[in-house]
Amino acid sequence: AVRHYKLDVKYRYGEPDCKEQVVMGINGQFPGPTIRAKAGDTLHIAVTNKLVTEGTVIHWHGIRQYGTPWADGTASISQCAISPGETFHYRFTVDKAGTYFYHGHYGMQRTAGLYGFLIVDLAKGKKEAFDYDGEFNLLLSDWWHQSTHEQQLALSSIPFRWINEPQSLLMNGRGQYNCSLAANVMNTSLSQCKFKGNEECAPQIFHVHPNKTYRIRIASATSLASLNLAIGNHKLVVVEADGNYVKPFTVNDIDIYSGESYSVLLTTNQDPKKNYWISIGVRGRKPNTPQGLTILNYKTISASIFPTSPPPITPQWDDYNHSKTFTYKIIARKGTRKPPQHYDRRLLLLNTQNLVGGYTKWAINNVSLVLPSTPYLGSIKFNVNGSFDTKSPPDTFSEDHDIYKPPLNPNSNIGNGVYMFQLNQVVDVILQNANVMKGQNSEIHPWHLHGHNFWVLGYGDGKFQQGDERKFNLKNPPLRNTAVIFPYGWTALRFKADNPGVWAFHCHIQPHLYMGMGVIFAEAVLNVKKIPREALACGLLRKVLINKKHN
Ligand SMILES: O=C1O[C@H]([C@@H](O)CO)C(O)=C1O
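Calculation rules
- Residues numbered from 1 in each chain as written.
- Predicted model: local features only at pLDDT ≥ 70, side-chain atom pairs only at ≥ 80, totals over all residues.
- Heavy atoms only, no water.
- UniProt positions renumbered as here; feature names shortened; annotations may be inferred.
- Buried < 20%, exposed > 50% of the residue type's maximum accessible area, 1.4 Å probe, protein only.
- Helix = DSSP H or I, 4+ residues; strand = E, 2+ residues; numbered from the N terminus.
- Pairing = 2+ DSSP bridges.
- Axes fitted to C-alpha atoms, helices over the stretch in contact; angles between N-to-C directions.
- Salt bridge = Lys/Arg side-chain N within 4 Å of Asp/Glu carboxyl O.
- Arc of directions from axis to C-beta.
- Phe/Tyr/Trp six-rings, centres within 6.5 Å; stacked < 30°, edge-to-face > 60°.
- Contact = heavy atoms within 4.5 Å.
- Near = heavy atom within 4 Å.
- Polar contact = N/O pair within 3.5 Å; in protein donor to acceptor, adjacent residues only side chain to side chain.
- Areas by Shrake-Rupley, 256 points an atom, 1.4 Å probe, with all protein chains shown as cover.
- Nonpolar A, V, L, I, M, F, W, Y, C, P; charged D, E, K, R; others polar.
- Domains from an automatic or database assignment.
- Disulfide = S-S within 2.5 Å.

By the naming in an unreviewed UniProt entry, the protein is L-ascorbate oxidase, taken from Phaseolus vulgaris. Reading the Subcellular location (unreviewed entry) entry of the UniProt record for the protein gives the comment "Secreted". Under the Cofactor (unreviewed entry) heading, UniProt states for the protein: "Cu cation".

As structure tokens, then:
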């Protein structure tokens, strides 16, 4: 079936965490409306830019866009940003059931609140591999009181001004600044939040029946924060990651990084005369943001009876063993497509924090990504000269780079060259983490690939070495679209370049991408058919449109 949606992107006033702010909304809502379809459907989504003075695009995170690379929603990569007043028609099929989301992919618009769920149900007649009685959606994000326009300026100023930690964590767009739902039952200087219930920042309560099983679909659209989610007294059974089934495993809490999605099963087998906390807390960075909270309400009692015990304690922010233990448990469910046993090309990508002309940046193999004004997809397809660097960025980095120290020479270059792949090449990417520019520290980076799922073949501590590949999991590696690199560690991915198009591969932390932490993959672009004109009407491509009939 074809499903039609109309999304108007517009600023509005809102109180995501009880403080009035400018929020990027869709059809007047924040977060945007949930888009729902069945596997095999075609979505026709008309996005109208009502922002008045800036462009916009929307990326459908986790959707492979097979055959429709122009609909990936990445400004300067798959299309021209949609101008104020204009409408862009995204048309693509959703071929795989799963939990996805959509978000802005131009500047830091995601941080401003441009996101919503995209859920693809199984095709008619198909059955899930697990049973459940009901389901909930839980979209996680973080929230700043500084505007994203100012954040962009701060990050691209000399001296560099860091955006610092978020003021609040949001669940389905709701958080509480300067008060806590749990103040009465825990040790905090925050006062108790008081709600009538209809406030925009009042928590969205999850109502359940006892002795049932619920599927909770969770996605993280955070700008910066890595999160840990727990539900007081309850176990979580992880069954899906990034739209792929995983071998079910049971945990007390999950770590979720920006760009990831999970489905967990929750069985309501606890005392039905109580309600329970649902909590999220910051991981991987020294937190300065209170826990995000809401309530799991057993319908046997009133939702206004708060839990009498404190909310779950988030693991220490730097307890990376906790994170690794969770991440290493994720393996593919039986029946998942297996990876090719060999690769055709390997990239070793070193992530470093650098200086470019005095500006603080992130670079990959010493190149910090600055997007061109003409979108790659059109410029490669129509062979437009001069729209980006024709020289490819390096496939590897210097052997003697000491990942445990700040870079000896912190200076790097900006660039917008692409890695070119032939159709069906098997590509391995080893992401190598390192020390930041100042002090002794290495940060978590969740890397997201557009247009594909990749197999996560393995993780390791320290520097990747020849021979580490003997430890790769080629038997049941999970398929994902986002994978984390741990501090001072490496992560190995494999994918098949079977989707003609131009695809971004980048750190999903919004300020890091803004500071250049990404690369561009171009795959068999000459095989791309029928790019709509509206995706091409900017930069050096305008001439192509005027001069020749395209395709
Ligand atoms: O990109 C970043 O910059 C700061 C810090 O490294 C410099 O202020 C930080 O914590 C980041 O993640």
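(A) A look at the pairing of strand β16 (residues 236–241). Most of β16 is tucked away, with five of its six residues classed as buried. Pairing analysis gives five bridges linking β16 to strand β17 (residues 244–251), with the strands arranged antiparallel. Bridging across to β17, Val237 finds its partner in Thr250. Linking two consecutive strands that pair antiparallel, namely β16 and β17, is a turn of two residues; a positive phi of about 50 degrees is found at Asp242 within it.

(B) Quick look at the sheet that holds strand β26 (residues 419–421). Spatially, β26-β34-β33-β28-β31 is the arrangement adopted by the five strands of the open sheet, whose pairing is mixed. Edge positions in the sheet fall to β26 and β31 (482–485), since each has one partner strand and no second. Neighbour-to-neighbour, the strand axes of this sheet turn through a mean angle of 20 degrees, independent of strand direction. Here three bridges tie strand β28 (residues 445–449) to strand β33 (residues 501–507), and the two strands are oriented antiparallel to one another. Its bridge partner being in β33, His448 is matched across the sheet by His506.

(C) Fine view of the pattern of salt bridges. For the structure on display, the rule yields 23 salt bridges. The shortest N-O distance in the salt bridge between Arg217 and Glu135 comes to 2.6 Å. Linking Arg217 in strand β14 (residues 213–220) with Glu135 in strand β9 (residues 134–143), this pair joins segments that are 82 residues apart in sequence. Residue Glu135 is classed as partly exposed on the basis of its relative accessible area, which comes to 26%. Ionic pairing is found between Asp468 and Lys471, a salt bridge with its closest N-O pair at 3.2 Å. In the salt-bridge network here, residues are joined through shared partners; they are Arg36, Asp121, Glu135 and Arg217.

(D) Inspection of helix α2 (residues 320–328) at higher detail. Those residues of α2 lying buried are Tyr320, Ser323, Lys324, Phe326 and Thr327. Taken end-on, α2 shows its buried residues confined to a sector of 160 degrees, consistent with a single buried face.

(E) Molecular detail of the packing of aromatic side chains. Counted by the stated rule, this structure contains 29 aromatic pairs. On the numbers, 5.7 Å between centres and 55 degrees between planes, the contact of Phe249 with Phe326 is tilted. Remark: Phe326 occurs in helix α2 and Phe249 occurs in strand β17; sequence separation between them is 77 residues. Accessibility assignment for this pair places Phe249 and Phe326 in one class, buried. The structure contains a cluster of three or more aromatic residues connected by ring pairs, namely Trp60, Trp70, Phe88, Tyr90, Phe92 and Tyr102.

(F) A look at the environment of Lys10. Within the fold, Lys10 resides in strand β1 (residues 2–14). Along the primary structure Lys10 and Leu227 are separated by 217 residues, whereas in three dimensions their C-alpha atoms are 28 Å apart. Once residues within four sequence positions are removed from consideration, Lys10 is found in contact with Val23, Met24, Gly25, Lys50 and Leu51.

(G) Representation of the site of the ligand within the structure. Near the ligand, the surroundings consist of Phe160, Trp162, Arg285, Gln353, Trp362, Glu443, His512 and Met515. Measuring from an oxygen atom of the ligand, one finds a side-chain N or O atom of Glu443 at 2.6 Å. Within the side chain of His512, an N or O atom sits 2.7 Å from an oxygen atom of the ligand. Protein chains shield 76% of the accessible area of the ligand, which is 310 Å² for the free molecule. Considered class by class, the residues forming the shell around the ligand number four nonpolar, two polar and two charged. Both of domain 2 (134–328) and domain 3 (345–547) provide at least three residues apiece to the shell around the ligand.

(H) Molecular detail of helix α1 (residues 148–155). Every buried residue of α1 is accounted for by Thr148, Gln151, Gln152, Ala154 and Leu155. Buried residues of α1, viewed axially, fall in a sector of 160 degrees; they line one side. Lining the buried residues of α1 we find β23 (359–364) and α4 (510–514).

(I) Spatial organisation of the state of the cysteines. Within the structure shown, the criterion is met by three disulfides. With a sulfur-sulfur separation of 2.1 Å, Cys18 is cross-linked through a disulfide to Cys201. Taking the sign of the S-S torsion, 100 degrees for the link of Cys18 and Cys201, the bridge is right-handed. Placement of Cys18 in the loop between β1 and β2 (21–26) and of Cys201 in the loop between β12 (191–192) and β13 (206–208) is noted, with a sequence separation of 183 residues between them. Cys201 gets classed as buried once you look at its relative accessible area, which sits at 5%. The residue that forms a disulfide with Cys80 is Cys538, at a sulfur-sulfur distance of 2.1 Å. Between Cys80 and Cys538, the disulfide has an S-S torsion of -90 degrees and is therefore left-handed.

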